Amino acid sequence: MGNEEVLLAELVTGIMLLMLVAATASTINKRMQKLPLTIALVFIGIFLSFAAENVPGFHSLAEFELSPDLVLFVFIPTLIFESAFNLNARQLGRNILPILTLAVPGLLLSTAIIGLTLSLFAPFELMVALLLGAILSATDPVAVISIFKQLGVPERLTILVEGESLLNDATSLVLATILIGILTAGTFSGVVVLDGLVNFVVVFLGGAAVGWLLAVAAGLLLGNVESDPAIEITISTILAYFSFIIAEHVFHVSGIMAVVAAGLLMGSWGKSKISPSIEEFMEHFWEYLAYLANALIFLMVGMQIDLVALWQNIDLIGIVVVGMLISRAVVVFGIVPLVGKFPGVEAIGLPYRCVMYWGGLRGAIALAIVLALPPFEYKDTLINVVMGAVLFTLVVQGLTIEVLVKWLRLNEMSLPDNLARIEGDREAR
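Heads up: these notes are all about the structure in this document. The shown structure was predicted, so the numbers you read here are calculated from the model rather than taken from an experiment.

**Overview of the overall build of the protein chain**
- The helix and strand inventory of the protein chain stands at 19 helices and 0 strands.
- The C-alpha atoms of the protein chain give a radius of gyration of 22 Å, which matches the 22 Å a tight globule of 429 residues would have.
- Across its three principal axes, the protein chain shows a C-alpha extent of roughly 65 × 65 × 45 Å.
- A burial count over the protein chain gives 51% of its 429 residues as buried.
- Contacts spanning at least 24 positions in sequence make up 81% of the contacts within the protein chain whose residues lie at least 6 apart.
- A total accessible area of about 20,100 Å² is found for the protein chain, and carbon and sulfur atoms account for 66% of it.
- Averaged over its 19 positive side-chain charges, the protein chain has a centre that lies 15 Å from the centre of its 34 negative ones.

This is how it looks when you write it as structure tokens:
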């Protein structure tokens with residue numbers, strides 16, 4: 001066998017091993033229900049990185065790494081499209097103002113607070129600190145949403161948390177790209193800031209427009225297909241990946257916003273074009289792909305974590321975590337209540353805001369952005385700091401969010417809902 005065949009065999013073996021680990025972990029976790037699956041997978045990934053070097057049979061995992069291209073071009077389109085496709089578009093429309101506020105001005109404010117905190121208390125120049133702030137301001141609620149589903153929290157809370165994450169992933173990536181450009185150019189002025197803001201708006205809205213147009217084309221194509229699962233699911237898969245690739249590489253706008261727009265349109269108007277007999281099958285297909293992507297991402301996150309390097313940067317990680325918690329508090333408890341005062345906007349109560357604050361976990365997008373940074377003086381340090389911050393949110397916040405939800409009694413049904421459930425049970429009997 002040639003070297004290329006050996007490498008391919010090792011790659012396939014490694015992926016199959018990770019899938020086996022994920023399936024086994026899911027089975028055990030479902031029976032025990034002690035940890036959210038994504039957090040359990042991170043711990044298993046840490047063990048696998050040790051086993052890959054020291055246990056026979058695990059050596060094929062030693063070369064596995066979480067590359068930015070793998071996350072951005074393979075996993076992210078799947079995760080974003082599935083989330084947008086299954087989101088309640090009507091509920092999203094009702095809550096679009098607070099969600100947009102959290103995702104755009106909220107993320108910009110969060111970036112500024114984390115950046116200033118780091119520039120004051122850590123040995124980073126302001127632009128590097130702002131870049132780190134932009135990377136760590138995007139939320140990833142995968143673990144939180146899975147807990148919400150188990151507990152049965154109100155749908156509006158799920159929409160707020162998931163909707164914010166969908167839009168602020170794009171905002172974070174666009175902002176980080178602009179800051180990387182400024183850092184690479186080495187110049188910073190009012191003109192550069194203005195150009196950056198214009199570019200931000202064009203890239204953000206341009207991505208949404210590309211995704212919307214491609215989803216319309218896919219919907220019209222689906223309307224001409226009659227009950228053929230192979231064709232209809234293939235078209236949805238092509239839409240998810242082509243919207244990202246065409247937006248990023250043809251029009252140079254936000255690929256994530258393109259996938260968000262495509263997923264939202266297909267999940268609302270597009271569902272009328274999908275054959276009724278295929279709709280449920282398609283939902284299960286995307287649910288499986290999202291499960292697989294999440295499982296592989298969080299296993300590889302665990303495998304990437306170097307506990308020694310994290311300990312060496314524990315002071316910087318501590319400063320970043322404090323900055324993240326302060327910035328999140330300012331946005332959720334300071335800005336969100338102001339939005340609730342706008343006419344026609346339903347206010348967000350304090351219990352919801354508490355869960356939104358503590359449920360602001362960080363994950364795949366932050367890791368993809370930091371791993372994709374061009375080589376420069378602080379890159380290795382930033383990778384370790386982001387890894388440490390992501391691990392903190394997953395372990396500390398992820399393991400305590402369920403306690404907070406139960407303490408605030410958000411898992412309990414309202415009296416009308418409870419009466420409706422009892423009436424439904426009686427009618428069924």
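**Some points on the packing of helix α5 (residues 96-103) against helix α9 (residues 155-185)**
- As a packed pair, α5 and α9 sit with axes 8 Å apart at the nearest point and diverge in direction by 40 degrees. Considering the angle they form, α5 stands oblique to α9. The crossing of α5 and α9 is right-handed. Residues Pro98, Ile99, Leu100, Leu102 and Ala103 of α5 touch α9, and the partners they reach there are Ile159, Leu160, Gly163, Glu164, Leu167, Asn168 and Thr171.
- Tallied by class, the residues present in the contact of α5 with α9 amount to 8 nonpolar, 3 polar and 1 charged.

**A word on the packing of aromatic side chains**
- What the rule picks out here adds up to 9 aromatic pairs.
- Both rings, one in Phe200 and one in Phe204, keep their centres 5.9 Å apart while their planes meet at 15 degrees; by these two values the pair is stacked. Here Phe200 pairs with Phe204, and both are found in helix α10 (residues 190-222), just 4 residues apart, close to one helical turn.
- Given a relative accessible area of 8%, Phe200 falls into the buried group.
- Taking the relative accessible area as the measure of exposure, Phe204 reaches 9% and is therefore buried.
- In textbook terms, an aromatic cluster arises when at least three aromatic residues are bridged by ring pairs, as seen for Phe81, Phe85, Phe285 and Trp286.
- For the cation-ring pair, Lys271 lies above Phe85, with the distance from its terminal atom to the ring centre recorded as 5.0 Å.

**What about helix α17 (residues 364-371)?**
- With 8 of 8 residues buried, α17 lies mostly within the body of the structure.
- All of the buried residues in α17 are Ala364, Ile365, Ala366, Leu367, Ala368, Ile369, Val370 and Leu371.

**Some points on the pattern of salt bridges**
- Inspection of the entire model under this criterion finds 4 salt bridges.
- The partner of Lys406 in a salt bridge is Glu402, with the nearest N and O atoms 3.1 Å apart. In this pair, Lys406 and Glu402 both sit in helix α18 (residues 379-407), 4 residues apart, roughly one turn of the helix.
- Exposure remark for Glu402: the relative accessible area of 27% places this residue in the partly exposed category.

**As for unusual backbone geometry**
- Phi at Ser227 is positive, roughly 50 degrees, even though this residue is not glycine.
- Relative to the helices and strands, Ser227 resides in the loop between α10 and α11 (229-250).
- Even without being glycine, His252 reaches a positive phi, approximately 55 degrees.
- If you trace the backbone, His252 turns up in the loop between α11 and α12 (255-267).
- Given the relative accessible area of 58%, His252 is considered exposed.

Reading guide: rules and limits
- Residues numbered from 1 in each chain as written.
- Predicted model: local features only at pLDDT ≥ 70, side-chain atom pairs only at ≥ 80, totals over all residues.
- Heavy atoms only, no water.
- Helix = DSSP H or I, 4+ residues; strand = E, 2+ residues; numbered from the N terminus.
- Rg over C-alpha atoms; globule rule 2.2 N^0.38 Å.
- Buried < 20%, exposed > 50% of the residue type's maximum accessible area, 1.4 Å probe, protein only.
- Contact = heavy atoms within 4.5 Å.
- Areas by Shrake-Rupley, 256 points an atom, 1.4 Å probe, with all protein chains shown as cover.
- Lys, Arg positive; Asp, Glu negative; His and termini not counted.
- Charge placed at Lys NZ, Arg CZ, Asp CG, Glu CD.
- Axes fitted to C-alpha atoms, helices over the stretch in contact; angles between N-to-C directions.
- Parallel < 35°, antiparallel > 145°, perpendicular 65-115°, else oblique.
- Left-handed = near helix turned anticlockwise from the far one by under 90°.
- Nonpolar A, V, L, I, M, F, W, Y, C, P; charged D, E, K, R; others polar.
- Phe/Tyr/Trp six-rings, centres within 6.5 Å; stacked < 30°, edge-to-face > 60°.
- Lys NZ or Arg CZ within 6 Å of the ring centre and 35° of its normal.
- Salt bridge = Lys/Arg side-chain N within 4 Å of Asp/Glu carboxyl O.

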